[in-house]
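One-letter residues, chain by chain:
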Amino acid sequence: MKQILLTLTLAAAASLCQAAPASYAIDPSHTFVTYEITHFGTSTNRGRFDKKEGSVQFDRAAKTGRVEVSFEIASANTGFAPMNTHLLSAELLNAEKFPTAKFVGDKFVFDGDKVSEVQGQLTLMGKTNPVTLKATHFNCYDSPMVKREVCGGDFEATIDRTQWGVDYGLAWGFPKNVKLIIQVEAVKQ
């Protein structure tokens, strides 16, 4: 009987010691959503979305997580005002009709204790399709500035923009593939 009570007590203590998912808020000063697309096979056009927000639930022990990153389409910035205007037009991202895009990742894949990819869904132009973001960097550290744990990394995927209805320039030879890069740092709450 003592052995059974000891086993039950140890099992209860172990379940209390298991880490629950931690909540993190995305730090907008260290989080960027950018894209790259080649221009007639000659150079690479780049842009980013300046207004973004999101959250992360992360459980390292269970190797699970969930991330949500939303970005405002009208905040697109290529560094060239006429290109920004065209990018926001109905010919491309139609910011007036579809003001927000969102990535929701609900499956974290690990290589050891590091996140190696996040599988999820990207909603853009009113359409949702699966996207897997591969980690090129991932780390957690105790920030000396905010005095809390920060986790994040650089994640990228090559997407077929036509899946979201972005067909502009295909007839002229613009590629359909776009490299999507999400650099994210999130502060434990």
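Going by the structure above, here's the rest.
Basis of the calculations
Residues numbered from 1 in each chain as written. Predicted model: local features only at pLDDT ≥ 70, side-chain atom pairs only at ≥ 80, totals over all residues. Heavy atoms only, no water. Salt bridge = Lys/Arg side-chain N within 4 Å of Asp/Glu carboxyl O. Helix = DSSP H or I, 4+ residues; strand = E, 2+ residues; numbered from the N terminus. Buried < 20%, exposed > 50% of the residue type's maximum accessible area, 1.4 Å probe, protein only. Phe/Tyr/Trp six-rings, centres within 6.5 Å; stacked < 30°, edge-to-face > 60°. Core = buried A, V, L, I, M, F, W, Y, C linked by side-chain atoms within 4.5 Å. Disulfide = S-S within 2.5 Å.

Throughout the structure, instances matching the rule amount to eight salt bridges. Lys 176 is the partner of Asp 160 in a salt bridge, and the nearest nitrogen-oxygen pair spans 3.7 Å. Note that Asp 160 is positioned in strand β10 (residues 149–160) and Lys 176 in the loop between β10 and β11 (177–188), a separation of 16 residues in sequence. A residue is classified by how much of its surface remains accessible, and Asp 160, at 19% relative accessible area, is buried.

On to the packing of aromatic side chains, then. When we look at a pair of aromatic rings, we describe it by the centre distance and by the angle of the planes. Under the definition given, this model contains 10 aromatic pairs. Summarising the aromatic geometry, the rings of Tyr 24 and Phe 58 are spaced 6.3 Å apart at their centres and angled 65° between planes, so their arrangement reads as edge-to-face. On the criterion of sequence distance, the pair formed by Tyr 24 in strand β1 (residues 22–26) and Phe 58 in strand β4 (residues 52–59) is long-range, its members being 34 residues apart. An identical accessibility class is assigned to Tyr 24 and Phe 58; each is buried. Three or more aromatic residues link up through ring pairs in this structure, and these residues are Tyr 24, Phe 58, Phe 108, Phe 110 and Phe 138.

Membership of the largest hydrophobic core comes to 42 residues, with the highest contact counts inside it found for Phe 49, Phe 58, Ile 73, Phe 103, Val 115, Leu 122 and Val 131. When residues of this core are assigned to their parent elements, the largest contribution, five residues, is made by β11.

This part is about the state of the cysteines. Within the structure shown, the criterion is met by one disulfide. The disulfide bridge from Cys 140 ends at Cys 151, spanning 2.0 Å between sulfur atoms. In this structure, the disulfide formed by Cys 140 and Cys 151 twists by about 115° around the S-S bond and is classed as right-handed. Of this pair, Cys 140 sits in strand β9 (residues 127–142) while Cys 151 sits in strand β10; the two residues are 11 residues apart in sequence, bridging distant segments of the chain. Each member of the pair, Cys 140 as well as Cys 151, carries the same accessibility label: buried.

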